[in-house]
Amino acid sequence: MVIQFLHTVQQSMKAISEDLRPSMTATSVITQRNKTFFQIEFTVLLMRSDASGHIQLARLKMRDLSDSWIWEKPTNENNEQQMGSQELVESFPTDLRLKDTSNLSIDEKISKENRVKSTHSVSLTPMKIKRRMMRQERRKARAAELIQQDKEAENHIISAAIERSEGFPTTKKGKYSIWRIEYENPNSDSTLKLMRDQIIMAKAYSNIAKSMNKTVLYSMLVKHFKESEQAIGEANSDAELPPGAFDQAKAMGHFLSDAKDQLYDCPLVARKLRATLQSTEDNVNVQKKRSAFLIQLAAKTVPRQLHCLPLQLAADYYLQGYHKKVIVDKQKAEDPSLYHYAIFSDNVLATSVVVNSTVQNAKDPEKHVFHIVTDKLNFAAMRMWFIVNPPAKATIEVQNIDDFKWLNSSYCSVLRQLESNRIKEYYFKANHPSSLSVGSDNLKYRNPKYLSMLNHLRFYLPEVYPKLDKILFLDDDIVVQKDLTPLWSVDLQGMVNGAVETCKESFHRFDKYLNFSNPLISKNFSPEACGWAYGMNMFDLIEWKKRNITGIYHRWQDMNEERTLWKLGTLPPGLITFYNLTYPLDRGWHVLGLGYDPALNLTEIENAAVIHYNGNYKPWLNLAVSKYQSYWSRYVMFDNPYIRVCNLS
């Protein structure tokens with residue numbers, strides 16, 4: 001077929017030799033296939049010979065040509081004709097050109113011809129090629145322009161940095177021996193870091209100089225690093241450094257270069273730097289323990305404003321004669337058909353927020369009864385607050401824990417332990433091992449709340465409220481955001497305690513709270529058992545009495561007199577006492593962590609029925625996480641005269 005095709009080309013060239021004059025390097029031929037010269041189908045054949053003498057062919061059908069092609073009769077000028085024919089050939093992509101196939105077999109020729117035919121179906125017109133070339137030229141010009149701009153900017157930055165760094169010691173190669181050049185940045189701390197690095201090296205060299213009895217060099221090194229420390233001060237960025245700080249760094253750089261020439265010994269410097277690292281780590285550990293102690297102290301210290309509030313209330317309570325009046329509706333307080341809450345607290349402001357938030361979100365406030373138990377010191381203030389600020393239609397009962405005569409050391413094992421000399425020594429001896437030297441884990445167990453029976457009264461609910469069937473226990477660091485009455489309809493399925501579980505994967509399981517190395521614990525409990533939270537708990541007091549929950553609590557407290565089963569607190573004995581007796585409530589009822597975790601999901605917080613500020617960062621303290629405070633402060637009565645007098649804002 002290829003031979004026949006070439007024969008056709010040869011005949012066609014003879015037929016049109018009068019109109020087309022072939023050049024030495026390329027020939028343009030218009031052939032007619034199957035029909036007459038100007039009918040139906042035309043094929044443009046382009047041929048030229050390369051340097052090796054091979055003939056290259058290209059073929060294009062007329063129907064694939066653009067209207068922008070113009071066919072002209074060649075002029076007599078051979079140069080124009082030659083250039084035109086060559087441009088026509090070179091305008092085609094190289095993959096459309098064919099080399100001589102005379103050396104190929106018949107099958108290879110047929111296969112190659114078929115491939116060529118398939119490639120000819122897509123063609124580029126001269127106008128498209130020209131536009132493509134123009135686009136490529138524009139892209140190259142733009143790329144070159146951007147590269148030049150980047151180089152100029154980089155050169156400018158490096159030049160500025162070198163000018164700032166002029167005067168630092170260099171090696172023979174001209175590179176800085178210790179320091180690197182940093183690009184200038186308005187928010188950079190490169191100079192500050194440089195000065196701190198210099199101080200470290202100066203201290204290392206001063207120790208070496210002292211060991212080598214080079215007193216003059218030692219004195220100068222000490223002088224320089226002290227001046228640098230004074231220049232740095234409390235700065236956290238270059239902008240906070242004094243104007244002469246960079247000059248100070250340059251001077252220190254020169255001096256360190258001289259010190260290096262006299263003292264530098266790689267193994268010796270490495271040992272000094274390792275010693276410095278160890279010393280720094282020790283200092284960091286000391287500061288962590290000190291920080292933990294101060295956080296514990298700040299969390300448990302009553303601010304002046306909070307101390308002012310109960311004083312003002314207590315004074316007016318006695319001055320206005322409220323101590324002689326009984327303002328409690330006993331019938332409602334003992335009616336089991338109503339919704340009863342137990343709150344044990346010595347914090348007037350926190351308790352007021354719990355009550356206000358619960359009442360404001362309740363559908364029928366008149367059916368809600370709040371049983372508040374406080375200590376003798378805050379009883380007058382607590383009672384006075386709810387006398388002058390009664391919640392809408394709800395019933396408030398305030399009791400003094402000292403009035404519970406049955407709660408004594410002969411009946412209550414934990415009270416007996418709290419009165420022991422060993423516990424008093426643990427809490428009040430300044431030289432006890434649980435001071436700053438042991439860290440925050442033990443410090444938190446020296447919290448004074450563990451000495452208060454208000455914290456352990458939750459294990460005596462049937463004794464405190466003998467006529468009630470169910471009661472919802474609330475901590476004073478919670479905020480209620482929804483109506484809680486549906487909790488009384490939850491079927492606890494024979495369990496005593498309804499609570500939200502806190503275990504996630506391996507966290508907050510029993511092994512976190514109990515000592516499983518003790519056989520008493522390991523034989524009776526599973527370390528993988530899921531923990532739960534105090535703060536919002538529904539207690540079935542009827543089941544409580546049937547299962548003698550208080551007796552179980554007493555038994556385990558007696559076995560833990562030496563604190564070998566768990567550390568102090570109420571959650572570990574609660575986990576033990578209500579083991580296999582706790583019904584898991586939906587997590588939406590109770591969201592915890594607002595007192596220690598700043599990364600909680602805000603959507604979960606806003607959708608929760610109760611949010612709990614468990615942890616040290618209570619919402620009434622300056623330590624509080626600021627983005628969580630508004631959930632609590634919206635229920636504070638800032639227009640109250642007692643609040644204003646004490647400047648609580």
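Residues numbered from 1 in each chain as written. Predicted model: local features only at pLDDT ≥ 70, side-chain atom pairs only at ≥ 80, totals over all residues. Heavy atoms only, no water.

In the annotation of an unreviewed UniProt entry, the protein is listed under the name Hexosyltransferase and assigned to Stylosanthes scabra. Per its UniProt entry, the protein bears the Pathway (unreviewed entry) comment "Glycan metabolism; pectin biosynthesis." Under the UniProt heading Subcellular location (unreviewed entry), the entry covering the protein gives this text: "Golgi apparatus membrane". (UniProt positions renumbered as here; feature names shortened; annotations may be inferred.)

The next point concerns unusual backbone geometry. Phi is positive for N548, which is not a glycine, with a value near 55 degrees. Along the chain, the position of N548 falls in the loop between α19 (541-547) and α20 (549-559). (Helix = DSSP H or I, 4+ residues; strand = E, 2+ residues; numbered from the N terminus.)

This part is about the nonpolar core. If you look at the biggest cluster of nonpolar residues, it comprises 64 residues, and the most contacted ones within it are L309, L472, L484 and L487. In this structure L487 touches L472, M536, M538, L585 and W589, once residues within four positions along its chain are discounted. Counting residues in hydrophobic clusters, the runner-up holds 44 residues, among them I401, F516, I521 and F578. (Core = buried A, V, L, I, M, F, W, Y, C linked by side-chain atoms within 4.5 Å. Buried < 20%, exposed > 50% of the residue type's maximum accessible area, 1.4 Å probe, protein only. Contact = heavy atoms within 4.5 Å.)

For the rest of this paragraph, the subject is the sheet that holds strand β12 (residues 590-591). Pairing within the open sheet is mixed, and its three strands lie in the order β8-β13-β12. Whereas interior strands pair on both sides, the edge strands pair on one side only; in this sheet they are β8 (478-480) and β12. One ladder, built from two bridges, connects β12 with strand β13 (residues 610-612); its direction is parallel. Bridge assignment links H590 to a residue of β13, and that residue is V610. (Pairing = 2+ DSSP bridges.)

A full pass over the atoms with the stated rule returns two disulfides. With a sulfur-sulfur separation of 2.1 Å, C308 is cross-linked through a disulfide to C646. Disulfide C308-C646: torsion about the S-S bond near -75 degrees, hence left-handed. Note that C308 is positioned in helix α9 (residues 304-319) and C646 in the segment after α24 (641-645), a separation of 338 residues in sequence. Assessed through its relative accessible area of 17%, C308 is described here as buried. Since its relative accessible area comes to 3%, C646 is described here as buried. Counting only the cysteines that form disulfides, in the order they appear in the protein, gives the pairing 1-4, 2-3. (Disulfide = S-S within 2.5 Å.)

Here α20 has its buried residues at I549, T550, Y553, H554, W556 and Q557. For α20, the secondary structure elements touched by its buried residues are α13 (413-418), α16 (461-464), α18 (519-524), α19 and α21 (571-577).

On to the pattern of salt bridges. One pass over the structure, following the stated rule, counts 10 salt bridges. K330 is the salt-bridge partner of E397, the closest N and O atoms lying 3.5 Å from each other. With E397 in strand β6 (residues 395-400) and K330 in helix α10 (residues 330-333), the pair connects residues that are 67 residues apart, well separated along the chain. Look at E397 and you get buried, because its relative accessible area is 7%. For R509, the salt bridge goes to E528, with nearest N and O atoms at 3.9 Å. Residue R509 is found in the loop between β9 (497-499) and α17 (510-513), and its partner E528 is found in the loop between α18 and β10 (536-540); the two are separated by 19 residues along the sequence. The class for R509 is buried, based on a relative accessible area of 18%. Assessed through its relative accessible area of 51%, E528 is described here as exposed. Within this structure, E543, K546 and R547 form a network of salt bridges that share partners. (Salt bridge = Lys/Arg side-chain N within 4 Å of Asp/Glu carboxyl O.)

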